[in-house]
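A closer look at the structure
Take a look at the letters that make up each chain.
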Amino acid sequence: MANDKNAGSGKLGTFGYNALALSIFILLWTIVSWISESLFLPTPWTVLKSFLDLCTYGDVEGISLGMHIFKSTLRIFAGFVAACILGIPLGILMGLYPRVYDSTKSVIEPIRFIPPVAWIPLVIVLLVGFSRYAFIIWLGAFFPIFIGTLLSVRSVNPTHIDVPRSFGAKRLYIIRKIVIPSTLPDIFTGMRVGMGIGWDCIMAAEMIGGENEGLGVMILKYAELIRIEDIMVGMIVIGAIGFFINEIFIFVERRVFKWKEAIVIS
Amino acid sequence: MTNNYAEKMKTMGLNFFTLAMVLVLWTLIAYWQKSPFFATPYDIVLGFVQMVTVGDVEGYRLWSHMLHSLVRVSAGFAAACLVGIPGGLLLGLYPKIYDRTRILVEPIRFISPIAWIPMAIVLLVGFSRYIFVIWVASFFPIFVSTLWSVRQVNAVYVNVARVAGASRLFIIRKIIFPSILPSVIGGMRISLGISWMCIVAAEMIGGQMVGIGRLILKSAMVTRMDLVVVGMISIGFVGYATNELIIFIEKRIFRWRAAVSIE
Amino acid sequence: MAGRKVKIEVRNLSKHFDDLIVLHQMDFDIYEGEFLCVVGPTGCGKTTFCNVVTGLLPITEGSITMGGEKIDFKKHNVSFVFQEPSCIPWRTIWDDVKIGLEIRKVPKKEINERVSAILDLTGLTEFKDFYPSQISAGMKQRVVIARSFVTEPDLLLMDEPFGQLDSSTRFYIENQLIKVWQKTKRTIIFVTHNLEEAVYLSERILVCTQKPTGIKEEVIVDLPHPRDITDREFVKIRNRVTDLVKWW
Ligand SMILES: Nc1ncnc2c1ncn2[C@@H]1O[C@H](COP(=O)(O)OP(=O)(O)OP(=O)(O)O)[C@@H](O)[C@H]1O
Ligand SMILES: [Mg+2]
């Protein structure tokens, strides 16, 4: 497994190889779709054109791609913020009072194991419009955040709590200065996971939920019309947004860690 | 010991109490609301009995829905393991290949598996649609966790075998494979959770009339809220059971990790 | 030492990690059946030296040959006690110790006999069904030593093997090591920080310089075993080695 050649000494760096791989892929894709002339395999240029058309003229109902993106992200944002507002404090509270969680497990755990997507029909019946989506996202994002926070609080080193307590620190002080900083990384991880599930949920909710706007319903509409190139555009946009959100989380996480380290050093 | 036991009994009692409280509250609200959209726990029990004995509005019984969902998830999940584990192992052993072609694989990871459903509807038919969606959903967690864990295998264990003159195959079988197994199974557990979510979405959107997701959706359309909840509980139960199964297998295989504790 | 048969020839050996020159033009021989100690300051490249001698790491320049050919684990019987903990966590003590014999496809009956014998010798018999996570760090080190002895290697490398052991176990295993060596006359390369240990065990000590590492001096320890650490000759040699490493 040891490699004799020094890494990176080749003519092409890792970046170069990636660029090469991508070009070959696009070239192959173009050639194959040209030769096959199949409805199911549009050329990259068709996809690009679809993208431009979707941006300028909008979809079959004239709703532009920007609008779809806006709707989906707004829904996600609302549900996600609600999940954080509820999940983090509740997780901290139940982590600090393990009794409460241990004696309500019989209610919480079964709900946790029902996939959030399974709630969609129920929510369609009981709620209307925007609240449907927000609720589903909330449900999907809540449990990773809540459980992540809770487990993290439970695993805070007890001596870290006992030391300030022995100095007569108030409870609130301990929570603010000890519990929250030490659980912050886990809370963040929970938020990232929650956001991922939130994306899955919004896709499903938009496909099933009945409204006309949103990326999920957009690609489903085009599936009915068998317009692969437009589906591809939608999927690429979904992937790109997912990627950027993930990057934002990673960026903030790094920032948070840096700040923590700086405190430790000084 | 007795103290511990008493504590356990108390927790259990409290759990029963909370559950009972929730059920009573639920019943009261449902009675007070008198709305067709609000099934009482009793309705749900009746709905369950109906699902078991007679079946849903189209006569499909509960076990048939469960079986269909289970078969779809198992098939897609197995396919994902079959491709993801060897693939992850291979690219983990030859990290250069992965590093140099990442740009083709990585972006796909960020497309939500549910966003593949329309594509599957267009390109595939019947059973294969579901398998494909589940495959996409479970492939990445398994593949990525395998790949990363291969990179993190402790070099000393490999060297122990190398110095003793071990062949490549021995090293892969007896050193690398056991090293990565915990993360692989961890990835499988995550995959399975995502799969259960995706199968529900796929069944709701995908067209066949049987499957727990479909049961939930079609019951909702005729406002049989009791059957909706029965479906939700069933999917929760199946998800829970399969998760427990993996944890059980984990504990069995990883006796050597007992001290490190899995959960 | 003239007249002894050369086992390993090290010629003009250099090892670089990118720009870092670790080993620089080392030239020496290791004799058949010799007990050789290598001492040197921390980070000078002792572990790296062991890794290149065995061929676990590629050489930048020069050559290392054993009986005229490159060292090949499939042909030569080599054992290595690594510096870092190297018990395999998913194998029981028994299975861990037998791994070398398993790889060499030794018959099952013989494996059983040899593993039992070595576990007896190292006092591990009652722990044979334990996993490494269930035993202490010192015991793990004993497992590793047992594992490297059980294959009866021609060449045994030990990279600071006794650091984790308490002094009485250490003393016991050191004596055991000497006995095994005297009986079997295997070649042993022993890396250590502990000068007294080096003088106590070896026939010859290679004192290394700081990076880029070369050999500062060879010290011959021509004392009969078992050695007495209060013996005048012993103290003299120890002081000499201590003087040599003052500049560490
Ligand atoms: N794989 C590697 N890549 C780059 N540098 C390395 C590598 N392995 C070792 N080094 C460097 O080579 C030098 C020698 O390391 P080595 O582990 O051989 O020292 P050592 O003499 O065994 O030290 P110690 O007595 O502490 O065990 C160190 O400066 C180390 O940083
Ligand atoms: Mg070392």
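Above this note sits the structure.
This report concerns the structure included in the present document.

1. Quick look at the overall build of chain B
- Of the regular secondary structure elements, chain B holds ten helices and zero strands.
- Sequence-ordered secondary structure for chain B, helices as α and strands as β, is α-α-α-α-α-α-α-α-α-α.
- In terms of overall size, chain B is more extended than a compact globule, its C-alpha atoms giving a radius of gyration of 23 Å where 263 residues would be expected to give roughly 18 Å.
- Its C-alpha atoms give chain B principal-axis dimensions of about 75 × 60 × 30 Å.
- Long-range pairs, those at least 24 residues apart, make up 74% of the contacts in chain B with a sequence separation of at least 6.
- Mean positive and mean negative side-chain charge positions of chain B (23 and 11 charges, respectively) differ by 12 Å.

2. Some thoughts on the coordination of the magnesium ion (ligand 2)
Residue and element names in this part refer to chain C.
- The magnesium ion (ligand 2) binds to the protein through Thr-47 (OG1) and Gln-83 (OE1), with metal-donor distances spanning 1.8 to 2.1 Å. You can see Thr-47 sitting in helix α1 (residues 46-54) and its partner Gln-83 sitting in the loop between β5 (78-81) and α2 (93-97), a full 36 residues away along the chain.
- In this structure Gln-83 comes out as partly exposed when scored by relative accessible area, which is 36%.

3. Things to note about the packing of aromatic side chains
- Summed over the entire model, instances satisfying the criterion amount to 26 aromatic pairs over all chains.
- An angle of 65° between the planes, with centres 6.1 Å apart, marks the rings of Trp-119 of chain A and Phe-135 of chain A as edge-to-face. Highlighted residues: Trp-119 of chain A in the loop between α4 (98-113) and α5 (120-126) and Phe-135 of chain A in helix α6 (residues 130-154), separated in sequence by 16 residues.
- Here Phe-28 of chain C and Phe-49 of chain C contribute two aromatic rings whose centre-to-centre distance is 5.7 Å and whose plane-to-plane angle is 40°, an arrangement assigned as tilted. In this pair, Phe-28 of chain C is assigned in strand β2 (residues 20-31) and Phe-49 of chain C in helix α1, connecting sequence segments 21 residues apart.

4. Observations concerning the nonpolar core
- Residues Phe-146 and Trp-199 of chain A, Ile-114 and Ile-175 of chain B together with Phe-49 of chain C are the most contacted members of the largest nonpolar core, which totals 177 residues.
- In terms of residue count, the dominant contributor to this core is helix α8 (residues 168-206) of chain B (19 residues).
- Residues within four places of Phe-49 of chain C in sequence aside, it is in contact with Leu-13, Leu-23, Met-26, Phe-28, Val-38 and Ile-189 of chain C.
- Membership of the second largest hydrophobic core comes to 49 residues, among which are Val-144, Phe-149, Ile-205 and Val-219 of chain C.

Definitions and cut-offs
Residues numbered from 1 in each chain as written. Chains lettered and ligands numbered in written order. Predicted model: local features only at pLDDT ≥ 70, side-chain atom pairs only at ≥ 80, totals over all residues. Heavy atoms only, no water. Helix = DSSP H or I, 4+ residues; strand = E, 2+ residues; numbered from the N terminus. Rg over C-alpha atoms; globule rule 2.2 N^0.38 Å. Contact = heavy atoms within 4.5 Å. Lys, Arg positive; Asp, Glu negative; His and termini not counted. Charge placed at Lys NZ, Arg CZ, Asp CG, Glu CD. Donors = N, O, S within 2.8 Å, 3.2 Å for Na, K, Ca; no water. Buried < 20%, exposed > 50% of the residue type's maximum accessible area, 1.4 Å probe, protein only. Phe/Tyr/Trp six-rings, centres within 6.5 Å; stacked < 30°, edge-to-face > 60°. Core = buried A, V, L, I, M, F, W, Y, C linked by side-chain atoms within 4.5 Å.

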